[in-house]
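Given next are the chains, with one letter for each unit.
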Amino acid sequence: MLTWQAEDGQGLEGTRLHLGTGGAFRALSRMIRVHPDGDFTASFRLVAGADGAVERLSVTSATASRERHLTINRTDDGFWLLDRGSGGVGAARDDFGGASDVDLAYSPMLNTVPIRRLGLHRAAAEHSLTMLYVSLPTLEVSQVTQTYRTVSALDDTGHALVEFRWDDFVAELVVDADGVVSSYPGLAARLVTGTTPAPA
């Protein structure tokens, strides 16, 4: 069980993470966020295969006025199927520029996916990646380019630094020995036993 608190004190993400064989893992998360444009909550289920790539992401978001659903599945031929609750009927199909990863707004858990898949916490490398980006709470999907670069691989403390760059935004993510984000400056940091939440 992992919990991240938003740096501004206005949100939390709690995740049950199960690491499988190779790069495979499953995550079940719930997020809450106090936001100037309206508070929202979201939950998602994420499945990554043995190669570390996303196979399925299912997201539900809710505001005071509306609930939304989105399921994203990656097919064997590299396409993505986007279903907004119609049970697959009329689902959109797109290759999104050959993207292998998905990013979800406000979620450090999703930044973990490319870091683990590429082993950036273990060996120095840099990759510019085509991503599916899912906004919250609207669940709109867009194609973006993000860059991940190893700053320092795992050290004696069991942590590594990975630079995350998206357009003009840059942050150095602290990740643990499993490649899971511990700290994302500007967004959120993981809480540990005995941690006092920051004041709102």
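Note that the structure is predicted; figures quoted are calculated from it, not measured. The numbers attached to residues start from 1 for each chain and follow its sequence in the written order. This being a predicted model, a pLDDT of at least 70 is required before a residue's local features are given, and a value of 80 or more before pairs of side-chain atoms are given or counted; all residues contribute to the totals for chains, interfaces and linings. By convention in this description, side-chain values take in all heavy atoms of the structure and omit both hydrogens and water.

Draft legend 1. Geometry of the overall build of the chain. A tally of regular secondary structure across the chain gives 1 helix and 15 strands. Expected size for 200 residues packed as a compact globule is a radius of gyration near 16 Å; at 16 Å, the chain falls within 12% of this value. When accessible area is computed with a 1.4 Å probe and restricted to protein chains, residues below 20% of their type maximum are described as buried, those above 50% as exposed, and intermediate ones as partly exposed. Counting every position in the chain, which comprises 200 residues, the buried fraction comes to 43%. The contact rule is simple, with two residues in contact once any of their heavy atoms fall within 4.5 Å. Across the chain, the fraction of contacts at a sequence separation of at least 24, relative to all contacts at a separation of at least 6, is 41%. The method behind every accessible area is Shrake-Rupley, applied with a 1.4 Å probe, and residues are considered shielded solely by the protein chains displayed. Surface accessibility of the chain: about 9,800 Å² in total, with carbon and sulfur atoms responsible for 49%. Strands are runs of DSSP state E lasting at least two residues, helices are runs of H or I lasting at least four, and both sets are numbered from the N terminus onward. Both definitions apply: the radius of gyration is a C-alpha atom measure, and the globule rule equals 2.2 Å times residues to the power 0.38.

Draft legend 2. The side chain of T150, seen in detail. Inspection of the secondary structure assignment puts T150 in strand β11 (residues 141-152). Judged by its relative accessible area of 7%, T150 falls in the buried class. We define a polar contact as two N or O atoms separated by no more than 3.5 Å, with the added condition that, inside protein, one atom must be a possible hydrogen donor and the other a possible acceptor, whereas residues neighbouring each other in sequence contribute only through side-chain atom pairs. In this structure the side chain of T150 is engaged in a polar contact, spanning 3.3 Å, whose partner is the backbone oxygen of A123.

Draft legend 3. Examining the packing of aromatic side chains more closely. The rule is short: rings of Phe, Tyr and Trp, with Trp giving its six-membered ring, pair when the centres are within 6.5 Å, and they are stacked under 30 degrees, edge-to-face over 60, tilted in between. A complete count under the given rule lists 6 aromatic pairs for this structure. Summarising the aromatic geometry, the rings of Y148 and F164 are spaced 5.1 Å apart at their centres and angled 50 degrees between planes, so their arrangement reads as tilted. Remark: F164 occurs in strand β12 (residues 160-166) and Y148 occurs in strand β11; sequence separation between them is 16 residues. Here the two residues Y148 and F164 agree in accessibility, since each one is buried. Considering the side-chain rings of F164 and Y184, the 5.9 Å spacing of their centres and the 65 degrees angle between planes classify their relative orientation as edge-to-face. Of this pair, F164 sits in strand β12 while Y184 sits in strand β14 (residues 181-184); the two residues are 20 residues apart in sequence, bridging distant segments of the chain. Both residues of the pair, F164 and Y184, belong to the buried class. Ring pairs connect the aromatic residues Y148, F164, F169 and Y184, which therefore count as one cluster. For R93, the ring lying beneath its charged end belongs to F79, and the centroid distance is 3.9 Å. Only Lys NZ and Arg CZ are tested; either one counts as a charge over a ring when it is within 6 Å of the ring centre and within 35 degrees of the ring normal.

Draft legend 4. Structural context of the side chain of N111. Here N111 is to be found in helix α1 (residues 108-118). Contact partners of N111, with chain neighbours within four places excluded, come to D103, Y148, F164, L173, V181 and Y184.

Draft legend 5. Spotlight on α1. Judged by how many residues are buried, α1 sits mostly within the fold: 9 of 11 residues are covered. Along α1, the residues that are buried comprise P108, M109, L110, N111, T112, V113, P114, I115 and R116. Downstream of α1 by a residue or two, G119 has a phi angle that is positive, lying close to 65 degrees.

Draft legend 6. View of the environment of S29. If you trace the backbone, S29 turns up in strand β3 (residues 25-33). Among the residues examined, S29 registers a relative accessible area of 4% and is labelled buried. Expressed as a C-alpha distance, the spacing of S29 and V47, which sit 18 residues apart in the sequence, is 12 Å. Setting aside residues no more than four positions away along its own chain, S29 makes contact with E13, G14, T15, A42, S43, F44 and M109. Side chain to side chain, S29 and T15 meet in a polar contact 2.4 Å long.

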